[in-house]
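Structural features, examined
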Amino acid sequence: EVQLLESGGGLVQPGGSLRLSCAASGFTFSSTGMSWVRLAPGKGLEWVSAISNSGDITNNADSVKGRFTISRDNSKNTLYLQMNSLRTEDTAIYFCAKAPYSGSFYFDSWGQGTLVTVSS
Amino acid sequence: DIQMTQSPSTLSASVGDRVTITCRASQSISSWLAWYQQKPGKAPKLLIYKASNLESGVPSRFSGSGSGTEFTLTISSLQPDDFATYYCQLHNNYFRTFGQGTKVEIK
């Protein structure tokens, strides 16, 4: 059974940093791309960042470009999101999501999410 | 960037109704469209990928159609478990943009 477990969320002041983690199990982590998607209060889903199966290709939404960095450690089956220069509008539940196979760009499994609150 | 626009934003329906949600792309996206269902406090669930392919385990009352710029998600007979928010998502090589969502409410 595929499991994705996010951690690292919490309360942070504007301008601060946070690193999210997503521990994966139940599938061959190194075989597929991964993404972070967020859901802000009262808003819809927003794709944030993606990384290829090997980690050599990444891309980010314009809203987080230059502030967020996605990475992965295939030896630890873990996905990361380093979030710097956080803004109040980054407040959201952050989900990690798995693509079904390398080269696909939709999401067949999701974690339960971790809440990030940016507030003074 | 390609924009994805869903309509309606909210839909009121009764159990047993046939429900259709539309997603329009600002330019042609071939069949690179997925549909998800999300309930409050839960992770999204994949329903449809590549416009019309039903994800394994998803009830057959859900179907997707369309290509190019206009797509639809149809629920043939709405069930109590189907009251939720639905999102379309572009899934081509670079863009993974979501629509703004359609909330299906009990009438």
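Anyway, here's the lowdown on the structure attached to this text. The structure displayed is predicted, hence computed values, not measured ones. (Residues numbered from 1 in each chain as written. Chains lettered and ligands numbered in written order. Predicted model: local features only at pLDDT ≥ 70, side-chain atom pairs only at ≥ 80, totals over all residues. Heavy atoms only, no water.)

**What about the sheet that holds strand S6 (residues 53-54) of chain B?**
Residue and element names in this part refer to chain B. Defined as follows: For two strands to be treated as a pair, DSSP must find no fewer than two bridges joining them. A helix here means a DSSP run of H or I that spans at least four residues, while a strand means a run of E at least two residues long, and both kinds are numbered starting from the N terminus.
The 6 strands are arranged S2-S10-S9-S4-S5-S6 in an open sheet whose pairing can be described as mixed. At either end of the open sheet lies a strand with only one pairing partner, and these are strand S2 (10-13) and S6. Both strand S5 (residues 45-49) and S6 contribute to a ladder of 2 bridges, which runs antiparallel. Opposite tyrosine 49, over in S6, you have asparagine 53 as the bridge partner.

**Concerning the pairing of strand S5 (residues 45-51) of chain A**
All names here are of chain A. We count it as follows: Working definition: with a 1.4 Å probe on protein chains only, accessible area under 20% of the residue-type maximum means buried, over 50% means exposed, and in between means partly exposed.
Counting buried residues along S5, 6 of its 7 residues qualify, which places the element largely inside the surrounding structure. Note that strand S4 (residues 34-39) and S5 share 6 bridges and pair antiparallel. Counted as the bridge partner of leucine 39 is leucine 45 from S5. Of the pairings in the sheet, the one linking S5 to strand S6 (residues 58-60) comprises 3 bridges and is antiparallel in character. Paired with alanine 50 across the strands is asparagine 59, a residue of S6.

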